[in-house]
Amino acid sequence: MEKRIGVVGIVIENPEENANKVQNILSQYSNIIYGRMGIPFKDKGLGVISLIVEGTNDEIGALSGKLGRINGVTVKATLTSKKIED
């Protein structure tokens, strides 16, 4: 199956309320997450997470879609054009 490497950017409003929901979804997709960096913007009431992922378009799209359905969470995924074969 064809895979791609990509970056997923996540902005979380009200992290106290939404961080656990985001973490639960990230745990479901831990098999495609290769790196993660999170930065709290406590003075702005935001959290920002960047992910390095490797997966199929469907896997990365499902991860982004589930995260984006959480109220107060904004997600943007960018994939490389380089295709990786298993």
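Structure: see above.
Everything quoted here is computed from the prediction, not taken from an experiment.

A. A look at helix α1 (residues 15-28). Along its 14 residues, α1 runs 19 Å from first to last C-alpha, staying within 8% of the 20 Å computed at 1.5 Å per residue. Every buried residue belonging to α1 is among Pro-15, Asn-18, Val-22, Ile-25 and Leu-26, and all of these are buried. The arc enclosing the buried residues of α1, seen along the axis, measures out at 100°, which places them on a common side. For α1, exposure combined with an orientation more than 90 degrees from the buried face picks out Glu-16, Glu-17, Asn-20 and Asn-24. Buried-residue contacts for α1 involve β1 (2-13), β2 (33-41), β3 (46-55), α2 (57-68) and β4 (73-85).

B. Molecular detail of unusual backbone geometry. One non-glycine residue with positive phi stands out, namely Asn-14, at about 50°. When you line up the elements, Asn-14 lands in the loop between β1 and α1. By relative accessible area, Asn-14 is classed as partly exposed at 41%.

C. Fine view of the sheet that holds β3. Spatially, four strands are ordered β2-β3-β1-β4 in an open sheet, and the strand pairing comes out antiparallel. Unpaired on one side and paired on the other, β2 and β4 mark the two borders of the sheet. Neighbour-to-neighbour, the strand axes of this sheet turn through a mean angle of 10°, independent of strand direction. Pairing between β1 and β4: ten bridges, direction antiparallel. Within β4, the position partnered with Gly-9 by the bridge is Lys-76. Lying on the sheet, α1 is in contact with β1, β2, β3 and β4; it crosses β1 at an angle near 165°. Along the sheet, α2 makes contact with β1, β3 and β4, crossing β4 at roughly 175°.

Thresholds applied
- Residues numbered from 1 in each chain as written.
- Predicted model: local features only at pLDDT ≥ 70, side-chain atom pairs only at ≥ 80, totals over all residues.
- Heavy atoms only, no water.
- Helix = DSSP H or I, 4+ residues; strand = E, 2+ residues; numbered from the N terminus.
- Expected span 1.5 Å × (residues − 1).
- Buried < 20%, exposed > 50% of the residue type's maximum accessible area, 1.4 Å probe, protein only.
- Arc of directions from axis to C-beta.
- Contact = heavy atoms within 4.5 Å.
- Pairing = 2+ DSSP bridges.
- Axes fitted to C-alpha atoms, helices over the stretch in contact; angles between N-to-C directions.

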